[in-house]
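# Architecture at a glance
If you want the building blocks of each chain, they are given just below.
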Amino acid sequence: MNLVLDNLTKEFGGFAAVDHINLTMTNGVYGLLGVNGAGKTTLMRMLCTLLKPTSGNIYCNGKDIFQMDGEYRNLLGYLPQDFGFYPEFTVKDYLLYIAAIKGIRPAVAEKRAKELISRVGLTKVTNKKLKKLSGGMKRRAGIAQAMLNNPPILILDEPTAGLDPNERIRFRNLISELSEERLVLLSTHIVSDIEYIANKILMMKDGAIVNEGTLDEMISAMPEKVWECIVPQQSVSALTKRYKVSNMKSEHSGVNLRIISAEKPCETAICVHPSLEDVFLYYFGEKAGDENDTL
Amino acid sequence: MMKMTRFELKKIFSKPVTKIVLILLAVSLCVVSYFAIGYVDYVDENGEKSTGIAAASSLREAKNEWAGYITDDVLQKVLEENALINNSEEYLSTDVIEREKAYSKKQGFSDIREMINWAFGSFQEYNYYRADSVSQEEISSFYDRRTANLAAWLNSDEQESRFSEPERQFLISQYEKLETPFYYEYADGWAALLEYAPTIMMLTVLITGFLVSGIFSDEIQLKADSIFFSARLGRNKAVTAKIKAGFIVVTSVYWSMIFLYSGIVLAVLGTGGANQAIQTSFANWKSFYNITYLQDYLLTVSGGYLGNLFILFLSMLVSAKTRSKALAVTIPFILLFIPSFLSGISVLSEVLALLPDQLLQVCTAIKRFNLYQLGTKVVDAVPIIFAMYFILFCILLPVLYQVYRKTELK
């Protein structure tokens, strides 16, 4: 499976939400990382044929996806950010309905729905109405619907947003399980999700892909170093104004700071191995808050 | 496809608002049927008025004593009988009950008496007592007077500019084509049924609007649109399934209401008189539609169905285009009530006669003279609205399909 984004642009009233993106994706898990408003959802909606690009094209195995129409959507599984559902439908009804609009034959759909309900751990609530399920359960029903047609392309927009830690870990593991042998594009602003699941990371800012690579490539390519130091409370203000601080923790001996900087920020600072969160702050620090602010 | 349509129907009927809608439909049916049944009353020999099954049965018995062709002999007999009652003590009394007793004796031929009132009055004026002064010699011109009255009215100064010559000829020719003598029997069941048919149809379209207005916009309002439109059939067969579901809902609700309403009213008031000319009734004397009660009923319910389809599919189109259920649900109200507000403006009558609300009141529209000259052919508003809204409905379907399938998420 091969998806090529060729000079892809989407403008809304002159504002470029997606700005001339060129990208090739093959099988594997792609983590799309960016702050809110970076253009992730717009990009994903174009990939799902929900929005037409202002200019540029998307090719699937060499064919334009908008010309492929249903043929392309047959290859697609999508879990949107705002996952809407039919409140009066049971989990089973919902999956059978989505199976029907995905063009899956009723007999196959029954079998597949049952299998996925079991796989996402919803067997006990199969006949319960969707409106009565918890947020995590609804998300699991959402991933089940995306997987109904066993899609070679799986697009997940903020799949773990709003889930409690247990549900998030469970959901992350589920995505990992389901991601074999397919192209998965996963958008989130929860850095740890990407760190755990993604083979390749795409960093998106102001509608453009500003950096891409594996976790190691991202970390090693970061031009600045990461430092940790314990400093007295009265020095914190000066350091946060001067450097990007990715973490701050009060301890009885002082304040433990994690600082991103090319130079050693203070005498006691120790150089540590960067995490993806540090890379994220390095690229999106300004967006994360005021300049030189902490995460 | 059937599976998708079934799920679309399930979406509609599983909503809590649907229960309220179904209750409203049931209440409307009961109330309108009650009024329609109450439309027929019978005054017994003691001057007491009653309604319901027994009243309908007594009235049927009284009227069917006069059943048969309304020939000169029958008309003369009506005049004789009428004069006899007019000279009775009860009729001449000032006591209301006594006068009601006198009326009870006229009930059997009251419809024929009303026709005489119309025939021997001027075209636009109705005089309840005109029949009392018609002579036995005059009565032989009964049928001719109908056409003569029309011709006199058409040639009057006030109507001169209203109708063109072909339109006048058309009306007179229609009047002349009416088969005489009329066959007469008790037909009050049909009259009552048709009297309230527009009410039940309007209530049905307004209430059904709440069921169908969300078929297209709900996907967007529930935020289920992303998954819907990214599915393989989301932009073709799934849209068709929605249209099919809308069609099934509109059709099943409409015909259920009509069959139940017709069944209740005709079961109580009787089905007699189905094949007699509508001109035998007080309300339809002037109509130039030479049809029977049954044909009037079929025309009325067919028009109602087409009107329901057109108005509700327009509502669905608005729902698909604007993504707003609230706006869509107002469409039937706008289409049905705006013409009522404008009906007082006579210059608009030709336009108002072509609006879709007329389809829901064909039995009323056929009493009016809304003529249009298309080339050399004169056509009434009723066949025009049938053809026009059928074509518009056929156009609406692909437009609705295209509008919804091209939906882009914002």
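So, here's what we can say about the structure. Because the structure is a prediction, the values reported are computed rather than measured.

## Some details on the overall build of chain B
Check the secondary structure of chain B and you find 19 helices and 6 strands. Expressed as lengths along the three principal axes of its C-alpha atoms, the size of chain B is roughly 85 × 50 × 30 Å. Relative to its 410 residues, chain B shows a buried fraction of 42%.

## Here we look at the overall build of chain A
The number of helices and strands found in chain A is 11 helices and 14 strands. Taken along its principal axes, the extent of the C-alpha atoms in chain A is 70 × 45 × 35 Å. Across the 295 residues in chain A, those meeting the buried criterion constitute 44%. Long-range contacts, defined here as pairs at least 24 residues apart, represent 68% of the contacts in chain A between residues at least 6 apart.

## A closer look at the interface of chain B and chain A
The accessible area lost on association of the parts is a frequent measure of interface size. In this assembly, 23 residues from chain B lie in contact with 26 residues from chain A. For the side of chain B that touches chain A, the elements supplying multiple residues, two or more each, are helix H1 (2–13) and helix H13 (225–230) of chain B. Along the lines of polarity and charge, the residues of the side of chain B that touches chain A split into 11 nonpolar, 5 polar and 7 charged.

## Examining the packing of H1(B) against helix H14 (residues 237–269) of chain B
Residue and element names in this part refer to chain B. Two elements in contact, H1 and H14, have axes separated by 8 Å at closest approach and are oriented at 55°. Regarding the angle of H1 to H14, the classification is oblique. At the point where H1 passes H14, the crossing takes the right-handed sense. Residues Met4, Thr5, Glu8, Leu9 and Ile12 of H1 touch H14, and the partners they reach there are Lys237, Ala238, Ala241, Lys242, Lys244, Ala245, Ile248 and Val249. Of the residues belonging to the contact of H1 with H14, the class tally is 8 nonpolar, 1 polar and 4 charged.

## Describing the pairing of strand E11 (residues 225–231) of chain A
Residue and element names in this part refer to chain A. Note that E11 and strand E13 (residues 254–261) share 7 bridges and pair antiparallel. Directly across from Lys225, in E13, lies its bridge partner Ser261. Pairing of E11 with strand E14 (residues 270–272), which is carried by 3 bridges, proceeds in the antiparallel orientation. Pairing of Trp227 across the sheet is with Cys271, part of E14.

## Remarks on unusual backbone geometry
All names here are of chain B. Cis geometry is adopted by the peptide bond preceding Pro181, which originates at Thr180 and carries an omega value of -5°. Position of Pro181 relative to the elements: it lies in the loop between helix H10 (165–177) and strand E4 (183–184). In the Ramachandran plot, Lys223 falls in the positive-phi region, its phi being about 60° despite a non-glycine side chain. Tracing the chain through its elements places Lys223 in the loop between helix H12 (214–221) and H13. Even without being glycine, Arg323 reaches a positive phi, approximately 60°. For Arg323, the location among the structural elements is in the loop between helix H15 (293–322) and helix H16 (325–342). Judged by local crowding, Arg323 falls into the partly exposed class, with 18 C-beta atoms found within 10 Å.

## Observations concerning the sheet that holds E13(A)
All names here are of chain A. Overall, antiparallel pairing links the 4 strands, which are arranged E12-E13-E11-E14 in an open sheet. Both edges of this open sheet fall to strand E12 (244–251) and E14, since each of them pairs with a single strand only. Neighbour to neighbour, the strand axes of the sheet diverge by 25° on average, direction disregarded. As paired elements, E12 and E13 share 7 bridges and run antiparallel to each other. The residue bridging Asn247 from the neighbouring strand is Arg258, located in E13.

## Points about the sheet that holds strand E5 (residues 63–64) of chain A
Residue and element names in this part refer to chain A. Taken together, the 4 strands give an open sheet; going across it, the order is E2-E1-E4-E5, and neighbouring strands pair in antiparallel fashion. Either end of the sheet is taken by a strand with one partner, and the two such strands are strand E2 (15–25) and E5. Sheet analysis places strand E1 (residues 3–12) next to E2, joined by 7 bridges and oriented antiparallel. Bridge pairing in E2 places Leu8 opposite Ile21. Along the sheet face, helix H1 (residues 40–47) touches E1, E2 and strand E4 (55–60) and points at about 60° away from the line of E2.

## Overview of helix H7 (residues 110–120) of chain B
All names here are of chain B. Within H7, 8 of the 11 residues are buried, which leaves it mostly tucked inside the rest of the structure. Burial in H7 covers these residues: Asp111, Ile112, Arg113, Met115, Ile116, Asn117, Trp118 and Ala119. Residues of H7 that are buried sit in contact with helix H3 (53–64), helix H4 (72–86), helix H6 (96–106), helix H8 (142–154) and E4.

## Some remarks on the packing of helix H4 (residues 91–101) of chain A against helix H5 (residues 106–119) of chain A
For any two helices packed against each other, one specifies the inter-axial angle together with the distance between the axes. Residue and element names in this part refer to chain A. Close contact between H4 and H5 brings their axes to 10 Å; oriented N to C, the two are set at 130°. Our classification of the angle between H4 and H5 gives oblique. Taken as a pair, H4 and H5 cross one another with a handedness that is right-handed. Residue-level contacts link Val91, Lys92, Leu95, Leu96, Ala99 and Ala100 of H4 to Ala109, Arg112, Ala113, Leu116 and Ile117 of H5.

## Describing the pairing of E4(A)
The pairing of E1(A) with E4(A) spans 5 bridges and is classified as antiparallel. Residue pairing for E4(A): A:Thr9 is matched across the bridge by A:Ser55.

## Here we look at the nonpolar core
Counting 202 residues, the largest nonpolar core has A:Leu95, A:Ile155, A:Leu186 and B:Met316 as its most contacted members. Looking at this core element by element, the count peaks at 15 residues for helix H11 (residues 188–212) of chain B. Those residues within four positions of A:Ile155 in sequence are excluded, and the remaining contacts are A:Met44, A:Leu47, A:Cys48, A:Leu76, A:Tyr78 and A:Leu185.

## Quick look at the environment of B:Lys410
As for its position among the elements, B:Lys410 is in the segment after helix H19 (381–405). Counting along the chain gives 299 residues from B:Lys410 to B:Asp111, while the straight-line C-alpha distance between them is 65 Å.

What counts, and where the lines are drawn
- Residues numbered from 1 in each chain as written.
- Chains lettered and ligands numbered in written order.
- Predicted model: local features only at pLDDT ≥ 70, side-chain atom pairs only at ≥ 80, totals over all residues.
- Helix = DSSP H or I, 4+ residues; strand = E, 2+ residues; numbered from the N terminus.
- Buried ≥ 20, exposed ≤ 12 C-beta atoms within 10 Å, placed from the backbone.
- Contact = placed C-beta atoms within 7 Å.
- Nonpolar A, V, L, I, M, F, W, Y, C, P; charged D, E, K, R; others polar.
- Axes fitted to C-alpha atoms, helices over the stretch in contact; angles between N-to-C directions.
- Parallel < 35°, antiparallel > 145°, perpendicular 65-115°, else oblique.
- Left-handed = near helix turned anticlockwise from the far one by under 90°.
- Pairing = 2+ DSSP bridges.
- Core = buried A, V, L, I, M, F, W, Y, C linked by C-beta atoms within 7 Å.

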